[in-house]
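# Structural features, examined
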There are 2 protein chains.
Amino acid sequence: MDVRTLCLGALTLGDATGYEIRKMFEEGVFSHFLEASYGSIYPALTRLTEEELVTCHSEQQEKRPDKKIYSVTDKGRAAFTEALLEPLAEDKFRSEFLFVMLFAHLLTPERIKALIDEKVEEHRQLSERLSGPAEIGTPAADFIKDFGAVVHKASVDYLEKNRHKVEAIAGASPPRASEPRAPEAPQDGNAARPASQSKSDHRNPKELARIR
Amino acid sequence: MDVRTLCLGALTLGDATGYEIRKMFEEGVFSHFLEASYGSIYPALTRLTEEELVTCHSEQQEKRPDKKIYSVTDKGRAAFTEALLEPLAEDKFRSEFLFVMLFAHLLTPERIKALIDEKVEEHRQLSERLSGPAEIGTPAADFIKDFGAVVHKASVDYLEKNRHKVEAIAGASPPRASEPRAPEAPQDGNAARPASQSKSDHRNPKELARIR
DNA sequence: CAAGACCTATATCGGTCCTATATATCCCCT
DNA sequence: AGGGGATATATAGGACCGATATAGGTCTTG
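Scoring rules and cut-offs
- Residues numbered from 1 in each chain as written.
- Chains lettered and ligands numbered in written order.
- Predicted model: local features only at pLDDT ≥ 70, side-chain atom pairs only at ≥ 80, totals over all residues.
- Heavy atoms only, no water.
- Axes fitted to C-alpha atoms, helices over the stretch in contact; angles between N-to-C directions.
- Helix = DSSP H or I, 4+ residues; strand = E, 2+ residues; numbered from the N terminus.
- Parallel < 35°, antiparallel > 145°, perpendicular 65-115°, else oblique.
- Left-handed = near helix turned anticlockwise from the far one by under 90°.
- Nonpolar A, V, L, I, M, F, W, Y, C, P; charged D, E, K, R; others polar.
- Contact = heavy atoms within 4.5 Å.
- Buried area = accessible area lost by both parts, 1.4 Å probe.
- Salt bridge = Lys/Arg side-chain N within 4 Å of Asp/Glu carboxyl O.
- Polar contact = N/O pair within 3.5 Å; in protein donor to acceptor, adjacent residues only side chain to side chain.
- Pairing = 2+ DSSP bridges.
- Core = buried A, V, L, I, M, F, W, Y, C linked by side-chain atoms within 4.5 Å.
- Buried < 20%, exposed > 50% of the residue type's maximum accessible area, 1.4 Å probe, protein only.
- Least-squares fit on C-alpha atoms with pLDDT ≥ 70 in both.
- Phe/Tyr/Trp six-rings, centres within 6.5 Å; stacked < 30°, edge-to-face > 60°.
- Lys NZ or Arg CZ within 6 Å of the ring centre and 35° of its normal.

All right, on to the packing of helix 7 (residues 139-167) of chain A against helix 7 (residues 139-167) of chain B then. In helix packing, the relevant descriptors are the interaxial angle and the interaxial distance, both defined with respect to the helix axes. Direction vectors running N to C along helix 7 of chain A and helix 7 of chain B enclose 155°, while the axes themselves pass 9 Å from each other. Relative to helix 7 of chain B, the element helix 7 of chain A lies roughly antiparallel. Between helix 7 of chain A and helix 7 of chain B lies a crossing of right-handed hand. In terms of residue class, the contact of helix 7 of chain A with helix 7 of chain B is made up of 18 nonpolar, 4 polar and 6 charged.

The next thing to look at is the interface of chain B and chain A. The interface of chain B with chain A comprises 91 residues on the first partner and 92 residues on the second. Counting the surface lost from both chain B and chain A, the interface buries some 9600 Å², and carbon and sulfur atoms represent 64% of this. There are 2 salt bridges connecting chain B and chain A. A salt bridge links A:Lys119 to B:Asp91, with the shortest nitrogen-to-oxygen separation between them at 3.2 Å. Where chain B meets chain A, there are 24 residue pairs in polar contact (both at pLDDT 80 or more). When residues of the side of chain B that touches chain A are assigned to their parent elements, the largest contribution, 17 residues, is made by helix 7 of chain B. Each residue belonging to the side of chain B that touches chain A can be placed in one class, and the counts come to 47 nonpolar, 16 polar and 28 charged. Here strand 3 (residues 92-94) of chain A pairs with strand 3 (residues 92-94) of chain B via 3 bridges, running antiparallel. Among the inter-strand pairings, A:Lys92 is bridged to a residue of strand 3 of chain B, identified as B:Arg94.

All names here are of chain B. Mapped onto the elements of the fold, Leu11 is located in helix 1 (residues 3-12). For the pair formed by Leu11 and Thr73, sequence separation is 62 residues and the distance between their alpha carbons is 9.8 Å. For Leu11, the contacting residues outside a window of four places in its chain are Ala16, Ile21, Leu45, Val54, Tyr70 and Val72.

What follows concerns the nonpolar core. One broad rule of soluble globular proteins: the nonpolar side chains tend to lie buried together. The biggest cluster of nonpolar side chains holds 106 residues, and the ones touching the most others in it are A:Ile21, A:Phe30, B:Ile21 and B:Phe30. Dropping the residues within four chain positions of it, B:Phe30 is found in contact with A:Phe99, A:Leu102, B:Ala10, B:Leu13, B:Met24 and B:Phe25.

Bringing the relation of the copies chain B and chain A into the picture now. The operation relating the two chain copies consists of a rotation about an axis and a shift along that axis. It takes a turn of 180° to lay chain B on chain A, together with a shift of 0.0 Å along the axis; the resulting RMSD is 0.0 Å. On this basis, the relationship between the two copies can be described by a two-fold rotation axis. Proximity to the rotation axis, assessed at the C-alpha, singles out B:Phe93 in chain B; its C-alpha lies 2.3 Å from the axis. Of the residues that chain B buries at the interface, 100% are likewise interface residues in chain A, meaning the two copies contact each other through the same surface.

With a phi close to 60°, A:Glu52 is a non-glycine residue in the positive phi region. By secondary structure assignment, the location of A:Glu52 is in the loop between helix 3 (38-50) and strand 1 (54-59).

Turning next to the pattern of salt bridges. Residues and elements named next belong to chain B. Considering all chains together, one arrives at 27 salt bridges over all chains under this definition. With a shortest N-O distance of 3.0 Å, Glu51 and Arg4 are connected by a salt bridge. Note that Glu51 is positioned in the loop between helix 3 (38-50) and strand 1 (54-59) and Arg4 in helix 1, a separation of 47 residues in sequence. In this structure Glu51 comes out as partly exposed when scored by relative accessible area, which is 26%.

According to the stated counting rule, one finds 20 aromatic pairs over all chains in the structure shown. Taking 6.1 Å as the distance between ring centres and 80° as the angle between the ring planes, the aromatic pair formed by A:Phe80 and B:Phe99 counts as edge-to-face. Within this pair, whereas A:Phe80 is found in helix 4 (residues 74-83), its partner B:Phe99 is found in helix 5 (residues 96-102), the two belonging to separate chains. Judged by relative accessible area, A:Phe80 falls into the buried class, the value being 1%. Taken together, the aromatic side chains of A:Phe25, A:Phe30, A:Phe33, A:Phe80, B:Phe99 and B:Phe103 make up a single cluster linked through ring pairs. B:Arg22 extends its terminal NZ or CZ atom over the ring of B:Tyr38, reaching a point 5.6 Å from the ring centre.

Time to look at the packing of helix 1 of chain B against helix 2 (residues 18-26) of chain B. Residue and element names in this part refer to chain B. One way to put it is that helix 1 packs onto helix 2 with a least axis distance of 11 Å and a crossing angle of 100°. Accordingly, the angle class assigned to the pair helix 1 and helix 2 is roughly perpendicular. Contacts between helix 1 and helix 2 involve Leu6, Cys7, Ala10 and Leu11 from the first element and Ile21, Met24 and Phe25 from the second. Of the residues assigned to the contact of helix 1 with helix 2, the class counts are 7 nonpolar, no polar and no charged.

What follows is the structure, given as structure tokens:
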């Protein structure tokens, strides 16, 4: 599902300009589960117009750049309904925060506390905003909005109840993983353990030296 | 935080090949909050080697392509610790599922049920996997793992308790948004309502025709 | 026991998308 | 008066993903 399709769906909710579509992603209906930037929205709208899935009529304003208002065509509506039937990509969650927490032992307790405070606040605000009245009044919109509210609330709760666990290890001793090689040492498949052991042996001294 | 830095961090957990790093993202430690593909991992490792943040020693295997094992240098460790101090990007959640749910009125009840079943199962499996024993035994790793487990559990619970709300509206009447123009009609700032109203007037007939 | 599916392992191309920037005008606050 | 922010469109550069190529190995199943 590319930005082109996303824009088509956005216009299905009502006519809009590129600027307004961008706001739906930034702070509107889509903001808590989708992203799209001007860099992909404007080209997408151009292409959609070429393909006659949307139409564009300019509205000149006194002293501002012309406002280009886009509307879906019937062909566009059909194409969107089609797109809705294709298999969906998996939900994706990306968090640099969790990544950094993995390396808590490399940070000061202050830094860790600050990062968690920040993150709790982020989730709290999102949860609050999504608990408020719906921007769009459909049951479907409420459903997705409340989903966000619940998930962010769960995040806040987890962080508040468990933050002491990471805060305790700041600046402490190195990771202490049982296996130095990360993914469960797959190596040779059915080959005998001793063989793979000896293979990793001539790598061990280096590692031990580097662990400091 | 680019893939280059992510790889550096991965190697901080232990020496690894590009293939093994990829697995950390696909099914390993990072899998529930980060993604990275071969297309960015291999170039990243090349660049890291050029910059002397990691070293690479080839290990030739009898009948397979040479395994290139990467290790962080002291310079690399320092660079990574530095990178950890930079401001973090916000957490990001992307869900085509929620997007499609917004358009439940365009789908059959069967399709909606199937999609939710699928999504519940997805979250259930992730939650279960993350509730299991830790792949890496550090408190920090447990902290981030449990975070994932809790969030996915909350998702499952929400979907199961509220799915009837979306399932009820399948195939029903159009969206029925109070405002056709999506983002709360920002228009002219303090300009008088009547003006903006008249502006949208010559767009209304079209809209009414298209709503069908 | 053999064919096909899947795993190990590296690498690159094409296309999509984001970040940052440019341009231009207006309003609001200090 | 002047800076910051909103409105509004647009693009260049770079980061990244998805798909594909290569090549031999192992595991599964009929």
